[in-house]
Every structure is written in C-alpha cells, then in structure tokens.
Amino acid sequence: MDFDAVLLPARRARMLEQKRWYQRTINDALDACVAQHPDKRALTTLRVETGERQQFTYREMARMADRMAVGLSRLGVVAGDVVACQLPNWWQFTLTYLACSRIGAVLNPLMHIFRERELSFMLGHGEAKVFIVPRVFRGHDYEAMATALQPKLPLLRHIVVIDGQGDNSFDALLTTPEWENEPDAQTILTRSRPSPDDVTQLLYTSGTTGEPKGVQHTANTLLANIIPYAERLHLGEDDVVLMASPMAHQTGFMYGLMMPIVLQASAVLQDIWEPHQAIALIREQGVTFTMASTPFLTDLSKQVAADEGGGGIPSLRIFLSAGAPIPGPLVEQARAALGAKIISAWGMTENGAVTTTLPEDDDQRAAQTDGRPLPGVEIKVIDTDGSTLPVGEEGKLMLRSSSNFGGYLKRPHLNATDADDWFDTGDLARVDEHGYIRITGRSKDVIIRGGENIPVVEIESLLYRHPDVLHAAIVAYPDERLGERACAVVALRAGATLTLAELRQFLENHQVALQYIPEKLHLLPQLPATPSGKIQKFKLREIVGNLSQ
C-alpha cells in the first residue's frame, strides 16, 4: 500500500524542534517494558459471555508479539501491508497490533458492528491483505460473513479466524507454532521495523456525516497525544487502565491499547459492556482510570449507587467521559456514586483527545465545558470570513496540533488543513476567558430559524434533565417562512410518555426563549449512534425530513 500521509512532512522539523514528536514507536515502548518490568502484569482480558480470562506479563506479551509477527510474515505480510481486524476487546486485538508493528505492517481496526456494506468498502479502500475476525461473537457469524466477502476483494488473501476450526484458525496460523524460534525469525523481526514517521494505524471515521474516511496515523502523531494526555491526568506506571470502549475506536485504541504500554502500566479489557462485570473488574484488578462515553458513566454510576451498601469504588481515581457533553446532574451523581474525579474531554479520530478538563478543576467544569487544549494543541474560533472571534462568541473551531493525522487515505482533497497546518474540525464552539471550550454543535447541525441561530447543545442539555428523557437530539426541518425550524428527537425511559406540549412547558419552566423551543417532537425507541455513542444526526435529519414531506 502506498500511503499518502501528505500533511506530515511539512511540520516534521517544527515538531522535532518543539519536542512534540518523541521519535519513538510502540516497539520501543514494549521493549522498554520488557527490560524494566518483565514480570509485571501487562494485560488482563475478560470475555463476558464465556467468563474466559487471559493474562500476560510484559515478557509473555513481547514473546507472543514476536511469534505472531513471524506468523503474519508467513502469510505474506510485509512492511506497508494492511492487516484488518474486526475484533472485540480481546487479547488478540492488542497482540495483533504489536505483531504488525514488529514487521512494519499497518493495522486497520474495524468496529465489530460493521456488516457487509461497510466492510466491503473499507477492506477494499484500505487494500487489506489479511482480515482477522472472531468465528462468532454475540450470535453473529463473522467467519461466514468474511468468507462471503473475500471473492469480491481480490487483494484480500487470508481470512484468519479466532476460535476457528480449520486451516485458517488464528491459533494454527499465528499463536501455536513457536515461530519466534525459527532460524529466520530474528531477521524477520528486525529488518522492517517501522520508523516513527511510518503509518502504523488506518482507522475509518465512525460516520456521523455518513461518509467514512481512512485516517492515517504514525507513531509520532499518536504518541504526541498519548504522552501529554497521560501527563495532564497524572497517569503513570502504577496505574491500572480499564477499557470497555471498543478498541476499534480511537478511544480504546489510544488509551486502552497503547497508553498502558507507553506508561509501563497495566491494562484490563472488557469485551461487552456490562456494569456489574465492570465493577467487579475494577475492584478485583484495582483499576484507577477508565475512559468511555456518557452512557457508560451513567450505567456505572447507577449500578454502584444501587449496589447493596454502595460505598463507591475506592481504587478508581478518574473517569474521563468524551463523545458528548456530560449533563450537569450526571457529574454530581457520578461523583457521589463512584468517588472518582469526572473529567470531560473532546477529541476526534484525526487527533485523539484535543481538550480535557483538569483533575484540579472544580467539578462543575466537566458539566459546563469540554476542557482546555492539551499541550501541543492550539485552537481558535473563527467566523465565516476566517477572522478570529472574541471570547464567548460561537464560530468554527480550528485546531493546530502535534497529534494531527497525516491525511485521509486516497482523499487528500478532504484533508481540511490549510498551509499553516490549521485543521477545520467541522465543529462549532466557543472559548471562555480561561481557554476552556464548549462544543456547541457540528457546522452542519446549525439551525437558523428566521435568521436566529438556535443554541442546539444548550437545549439538548436541558432535555437531558427531563426525568423521562433517556437520549435526545435536536435537528432542523425545512420551513417555507422561516427557512428552518427545530425538531426534538427523543428516546424515552422505559414506560415513560411525553407530548410536545409537555416538552414545551418543561423548557419554558427553564426560561428558554420561545424561538429556541422545538416545534416538533418525534419519539424513537433509540437514537441512531456511532459505536462510540455519538448520535448520528445525519440519520435523524433524514427521518425528520421524511416526516415533513
């Protein structure tokens, strides 16, 4: 594969001069772990459906990575080839990335919810040579799906199946033969190790806009985010990181797979979100940090509060929530139930976390803002003419970051990065006098009603305070007179009911301006969302648009 990470060369000298690129790879980090903490517990994984557990020390993990790397080379994988995997948070995911990195291959993680339509595009566009899947997960036959897709993908040479029964099984090809002891193993493991500037990850955007794009990252861009992120949150080698968010999403990949190795810490992986199991793992493994979207925080807080005796979770210091603004009441409830500091953050596949609140901040910061930029990140809010706006005014959010991606694979015309390295996030935001931002919506989500911009995020936050509302979003529908009006799309809690009149009264009671109150209400059993929990407003606009016709 010829990667076109065209955004990186122009800023390389500046990043090195500013010491924002660390010139290290995950190989260097793993080798350091083995040298300094060979027998430390590196990875613990739980399969919720079967109860199966697996543990690795750093010595064991490095040996398995070497074994699998040689196994991949036996399948014809060479430096620059793409290895795709559609795996839950299993140990095989972590080890596949480490194995790819040993030989300079590029990992393309794919969400386990993807089916034929998404996979045929991504596997073809990414030119995957190997595709690793579970035989069955949550009742779906991945082996059959992958096998049916293969004839349509001429570059896809091998399907490798975890728990497979035939010649294509993961164990038979990659983990049972002691490939690391073969005569040519050391040559294979040393001849093609990637540089920090080589593409190491290809990750497709989750699709809030309906058009997936292949995001290219190198070790330099990934570590330029992970290291300042960990430093801000005071994370180190004594921490234990729980990751229940999918590692095929940037949250799980960067902070559940890579960060623990970079820190020489310990990782705990949970493949299916189940709050009872999460609580048990946190207590048993002494988990100190986790990161997930707001629904995870809600579930965990409610479960801990409901558990007999309560008492919080003493080891858990930080729960970082990203993906959507955290409703104010949830911060208070979670803080009381868990005893952990609740951190708010905002980021993108293209950059990793961009802003976070600080552990030293007042709790309300997490409810009122999306944090301030990490070291190595600059932000500005601009108007339609490109002029920087004053504090407190809403406009387009631009960022310039050491962790900015290398570009979209085969689509450089979509890179949205100017000659000065400013990246158009596609989001609207405002910045306060302390440098904290508040994401106020996507630029495509703006609702202009009779020339007046509706503050979508603020109204959505109020809707989440309604006792019967589980999830809510506001989208536009066309109006001949005013141009656009607002429709609230809501998923209710079990057994609840809600009328438009009741919704309007609720917002009026909160002193919302009448022109900001939604003029339609549409109820759905659940709102369409990405795997990370972001509501897909482009789908809601389609639904509401069809209702308006």
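Residues numbered from 1 in each chain as written. Predicted model: local features only at pLDDT ≥ 70, side-chain atom pairs only at ≥ 80, totals over all residues. Heavy atoms only, no water.

### Quick notes on unusual backbone geometry
Here is step 1: Of note, the phi angle at Gln 23 is positive, near 55 degrees, even though the residue is not glycine.
Here is step 2: Along the chain, Gln 23 falls in the loop between α1 (9-17) and α2 (26-36).
Here is step 3: Residue classification places Gln 23 among the partly exposed residues on the basis of a relative accessible area of 34%.
Here is step 4: If you check the backbone angles, His 234 has positive phi at about 60 degrees while not being a glycine.
Here is step 5: Accessibility expressed as a relative area gives 47% for His 234, which makes it partly exposed. (Helix = DSSP H or I, 4+ residues; strand = E, 2+ residues; numbered from the N terminus. Buried < 20%, exposed > 50% of the residue type's maximum accessible area, 1.4 Å probe, protein only.)

### Concerning the pattern of salt bridges
Here is step 1: Tallied over the entire structure, the rule returns 26 salt bridges.
Here is step 2: Here Asp 163 makes a salt bridge to Arg 47, at a shortest N to O gap of 2.9 Å. Taken together, the residues span a long stretch of sequence, with Asp 163 in the loop between β8 (158-162) and α7 (170-175) and Arg 47 in the loop between β1 (41-46) and β2 (53-57) at a distance of 116 residues.
Here is step 3: Taking the relative accessible area as the measure of exposure, Arg 47 reaches 11% and is therefore buried.
Here is step 4: Across the pair Glu 284 and Arg 53 runs a salt bridge whose closest N-O atoms are separated by 2.5 Å. (Salt bridge = Lys/Arg side-chain N within 4 Å of Asp/Glu carboxyl O.)

### A word on the state of the cysteines
Here is step 1: If you walk through the whole model with that rule in mind, you get zero disulfides.
Here is step 2: Here Cys 85 stays unpaired: no disulfide links it, and the sulfur of Cys 100, its closest cysteine neighbor, is 7.9 Å away.
Here is step 3: Accessibility expressed as a relative area gives 0% for Cys 100, which makes it buried. (Disulfide = S-S within 2.5 Å.)

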